[in-house]
Amino acid sequence: MSTRARVAAALLLLAACTDPPPASDSDGTSTSTTSASTTSTSVDPTTTSSSTTTTTSTTTAAPDPTTSTTTGTTAAPTGCDAPPPCDTCTCEDDVFHCHCPELSPEAGYLDVDGVDYEIGEGDVVIPMTSSPARLFYSFHPADDDPGDAPLLLLFNGGPGVSTGLILAGNTAPQTLGDDSEPIPSPAPWTALGHLLYIDARNTGFSQQSIADPSQMGLRSAELNSRNFNSYLDAADFARALLRFWDDHPALAGRRLVLVGESYGGIRASILLHMLLFPARYEQGPGRYRDPTLAAAIAAHLAARFPGDESPGPDLVAGELGHLVLVQPSLAGAAQQARAGDMLEAPGSPVHVLADSLGIEFVACAAKPDPCDPWANVINFVENAGRSRYDIAGPGTWLSDLFARTRAGLSRRDTLAAVLQVAPEAIDGLAAADRPTAFRVRNPGDYPADAPDLAEHLGPLPAWDRFFLPFSVEALDGFRGPAAIMAGVHSSDPHYGALFLHDLAYARVFITDAARDLAVWGPSIAPTLELFKSVVVGVEHVDDLPRGSERPGELHVHFRPDAFAGEPDPGLRTIRLAPYDASHAVTYDRPVELRADVAAWLAEAP
C-alpha cells in the first residue's frame, strides 16, 4: 500500500474530527455565489436538505445455507389502512391477519441514480450532479419476531470505512475469530430485531460505475465531492432505506433504529433529520436541497401515518427516531477541540500514559503558539507507540483491524458464513456481472484482491476490487474544496445542531469507551453546550438509570424557544453507557453492549 493510503488509514475512523486541508478536487461543478469567500463556520443550529435520487430495484440472493420458510400470524400495528405485510393478509377488526413466509438472510445491491442537488447556503450555493452507485447491503432477520420486531439499520463511519467492520464485529450471527475464520457471535443483535447493513458509496462491497472505467482520468472525475460529501452520503442511505422498505413491505411499518459507529454518528444525525423534517430538504433552509428526495420521504410518511396529512416530527420520531451511536462523532472539529482541552488537563488518560511510560507530556500551555491541544495530544500518544483508538493498544490498532476484516471477508467460505448467503448467488458481485465497475483511482494505491474470491467470482480488472475496508478517495471527497466552501465537509461543527434538533424528538443511546481518545466520551457534554442558542446546559448523571450495571446519562436542558415554531423540548435524556473498551465497543464488550441496548429499547413507549 502506498504511503498516502497508509496515512489515510491512520486517520480514517476519525476523519470527521480532523480539520481538512484543501486538496485537489475536480468536481466538474459550477459555483453560484455572490461572494467568492467560503462560508463561515457556526455552531448555531442550521438545517439541511436532502438529495435527489431515485432508487432502482435491488437484487437479493438465496441464503446459504438455505433456511426453511414457515407460516405465522402477524398483526400490523397501524391498522388496515397501511400496506399489508404480504399478499395473503386479510383484515378483521382493522387488524391484518397474515400467513407470510418467514424472512431469510439476503445480500445484494440497492441502486441509487445520479441526481441534481445543491449544497451550501446564503452567498455560497453550489449545484452538483452525482453519479449512479450500487450500495451493498446484507440483511439478517430477527431471531424472534412476534410481529413488531424493529428494523436496525447499521453502518460504520470514516467517512470511507466499510460497514463490514461492524457486520463482522459481533453484531451479525457470525463474526470473525482471531484467525479471521467465522465463529458464532457471542451476542448477535438479531436478538434485538431485524438487521440491515449498508455500505456507503465505494466502501466495502459497494461499487461505482462508468462506461469506460479503464481510463484513470474518467475514474478520477468520479472520485470527488460531487459524489462524496456528508449530505449526499446521508441521502444515499435514505434512498436505499426507502427502496428496502418498498421491497420488504412486511418491515415497512416497523420501528426503525439507526445504529452508527464513529463518523456514522454524523450520518445518523443527518439521515434522521431528513426523515423528521423532509420539507426542510425541499428548498431549505439548510445546506442541502433536493425536492425529489423530500417528496419521496413525505410519500413514505403519508403511507405510514395514513390518518395524518402531514405527520410532524413528534409523531414520526415515535417510530423512526431511535439512535444507537457507538463512539460517535457528532460535531466535527468542535468536538475534537473540546476533547483536546480535556485530555491536556492533569489526571487525563494522556497524563496517566506519560507517567506509566516515564515520558514527559508537555501541554500547549507550556509551548509557544500556535499549539492545538487536540493535535498535541494525538501526536504525543502516537509517538509513544499507542493508538488514539485504544490508548492501551499498539499504534497499528486501526491498520490491524482493517487487515483482519479484509482477510476474513475476502475468503469465499468466510464471507458466505458472515453474510449467510452464497457469494456466487449475489447478483452484481461476480466479475462477469460488473464490466463497468471500478473502485480505485490508482490501482497501485491498494493491494490486489486475495485470490480466493477471484477463484469463485472471476478475476477483476486492475481498477476494480471486490472488497475495500476503506476508500481513501471517498475520504478525500468528504474533505474536498467544494465541501469546505459549502460548509458540508466532514469536520464542520454544524452537524451538532442537527443532532440536537433530532434529540428534541428522538431517543438516543451513546457509548462511552474509556480507552478511546478519538471519540472521547467526556467531551460530548461540553461539546453540546457550545450550541448556546438552543441549549442551556448539559449535566452528566452517573447513577441513572437506576439498577443498571453501567449507569450513565446526559441530561440536556433546552431553551424554551430553541426551535422556532416548535414545542419547548424541555429536558431530554441521552443514555451514555460506560465501557472499558476501545473505539470498537462491539468487539471489546459485545455482551454488555447488547444487554444495555436491549434494556434501552425495551423502555421505548
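Use the structure listed above.
Asks: Can you tell me about the overall build of the protein chain, naming the residues and giving the values?
Replies: Along the backbone of the protein chain there are 20 helices and 23 strands. Each of the 605 residues in the protein chain was classed as buried or not, and the buried ones make up 60%. Residue pairs at least 24 apart in sequence account for 75% of intrachain contacts in the protein chain once pairs closer than 6 positions are excluded. Counting only carbon and sulfur atoms, one obtains 53% of the accessible surface of the protein chain, whose full area is about 21400 Å².

Asks: I'd like to hear about the nonpolar core, residue by residue, with values.
Replies: Counting 93 residues, the largest nonpolar core has Met274, Phe499 and Leu500 as the members making the most contacts within it. When residues of this core are assigned to their parent elements, the largest contribution, 11 residues, is made by helix H4 (residues 230-247). Those residues in contact with leucine 500 that sit more than four places away from it in its chain are Leu528, Phe531, Val534, Val535, Val556, Phe558 and Phe563. Ala107, Val324, Leu429 and Ala513 belong to the second largest nonpolar core, which has 43 residues in total.

Asks: Which residues make up helix H20 (residues 590-602), and what values do they have?
Replies: For H20, which comprises 13 residues, the first-to-last C-alpha distance of 18 Å matches the rise-based estimate of 18 Å (1.5 Å per residue) to within 8%. Those residues of H20 lying buried are Pro590, Leu593, Asp596, Val597, Trp600 and Leu601. For H20, the angular spread of buried residues about the axis comes to 140°, placing them on one side. Of the surrounding elements, those touching the buried residues of H20 are helix H2 (164-171), strand E14 (256-261), strand E16 (322-326), strand E20 (507-513), strand E23 (571-579) and helix H19 (585-588).

Asks: Before we move on, can you summarise the state of the cysteines with the specific residues and values?
Replies: Tallied over the entire structure, the rule returns two disulfides. Each sulfur in the disulfide pair cysteine 80 and cysteine 91 lies 1.9 Å from the other. With the S-S dihedral at roughly 100°, the linkage between cysteine 80 and cysteine 91 falls on the right-handed side. You can see cysteine 80 sitting in the loop between strand E2 (55-60) and strand E3 (90-92) and its partner cysteine 91 sitting in strand E3, a full 11 residues away along the chain. Accessibility expressed as a relative area gives 44% for cysteine 91, which makes it partly exposed. Here cysteine 364 pairs with cysteine 371 through a disulfide, and the sulfurs are 2.0 Å apart. One disulfide, between cysteine 364 and cysteine 371, carries an S-S torsion of -70° and so falls in the left-handed class. With a relative accessible area of 9%, cysteine 364 lands in the buried category.

Asks: If you had to explain the packing of H4 against helix H5 (residues 264-276) to someone new, which residues and values would you point to?
Replies: At a minimum axis separation of 9 Å, H4 and H5 run at an interaxial angle of 60°. Relative to H5, the element H4 is oriented oblique. H5 is crossed by H4, and the crossing has right-handed handedness. Contacts between H4 and H5 involve Ser230, Tyr231, Asp233, Ala234, Ala235, Phe237, Ala238 and Leu241 from the first element and Arg267, Ile270, Leu271, Met274 and Leu275 from the second. Of the residues that constitute the contact of H4 with H5, the class distribution is 10 nonpolar, one polar and two charged.

Asks: Quick rundown of the packing of aromatic side chains? Include the residues and the values.
Replies: Under the definition given, this model contains 17 aromatic pairs. Here the aromatic residues Tyr109, Phe136, Phe205 and Phe467 are joined through ring pairs into a cluster of three or more. Taking NZ or CZ as reference, arginine 304 lies 5.0 Å from the ring centre of tryptophan 245, over its face. One residue, arginine 507, lies across the ring of tryptophan 600, its end atom 4.2 Å from the ring centre.

Asks: I'd like a description of the side chain of histidine 555, backed by residues and values.
Replies: Mapped onto the fold, histidine 555 is located in strand E22 (residues 553-558). In terms of polar contacts, histidine 555 uses its side chain to reach the side chain of glutamate 553, at 2.8 Å. The residues touching histidine 555, leaving out its near neighbours within four places in the chain, are Gly537, Val538, Glu539, Val541, Leu544, Leu571, Arg572 and Thr573.

Asks: So what's going on with the pairing of strand E12 (residues 194-198)? Which residues, and what values?
Replies: Across the five residues that make up E12, a large majority, five, are buried. In E12, alternate side chains face the same way, and those of His194, Leu196 and Ile198 on one face and Leu195 and Tyr197 on the other are all buried. As paired strands, strand E8 (residues 133-140) and E12 are joined by four bridges and run antiparallel to one another. Residue pairing across strands places tyrosine 137 opposite isoleucine 198, the latter belonging to E12. Pairing analysis gives four bridges linking strand E9 (residues 151-155) to E12, with the strands arranged parallel. Among the inter-strand pairings, leucine 154 is bridged to a residue of E12, identified as tyrosine 197.

Here is what the cut-offs are and how they apply
- Residues numbered from 1 in each chain as written.
- Predicted model: local features only at pLDDT ≥ 70, side-chain atom pairs only at ≥ 80, totals over all residues.
- Heavy atoms only, no water.
- Helix = DSSP H or I, 4+ residues; strand = E, 2+ residues; numbered from the N terminus.
- Buried < 20%, exposed > 50% of the residue type's maximum accessible area, 1.4 Å probe, protein only.
- Contact = heavy atoms within 4.5 Å.
- Areas by Shrake-Rupley, 256 points an atom, 1.4 Å probe, with all protein chains shown as cover.
- Core = buried A, V, L, I, M, F, W, Y, C linked by side-chain atoms within 4.5 Å.
- Expected span 1.5 Å × (residues − 1).
- Arc of directions from axis to C-beta.
- Disulfide = S-S within 2.5 Å.
- Axes fitted to C-alpha atoms, helices over the stretch in contact; angles between N-to-C directions.
- Parallel < 35°, antiparallel > 145°, perpendicular 65-115°, else oblique.
- Left-handed = near helix turned anticlockwise from the far one by under 90°.
- Nonpolar A, V, L, I, M, F, W, Y, C, P; charged D, E, K, R; others polar.
- Phe/Tyr/Trp six-rings, centres within 6.5 Å; stacked < 30°, edge-to-face > 60°.
- Lys NZ or Arg CZ within 6 Å of the ring centre and 35° of its normal.
- Polar contact = N/O pair within 3.5 Å; in protein donor to acceptor, adjacent residues only side chain to side chain.
- Pairing = 2+ DSSP bridges.

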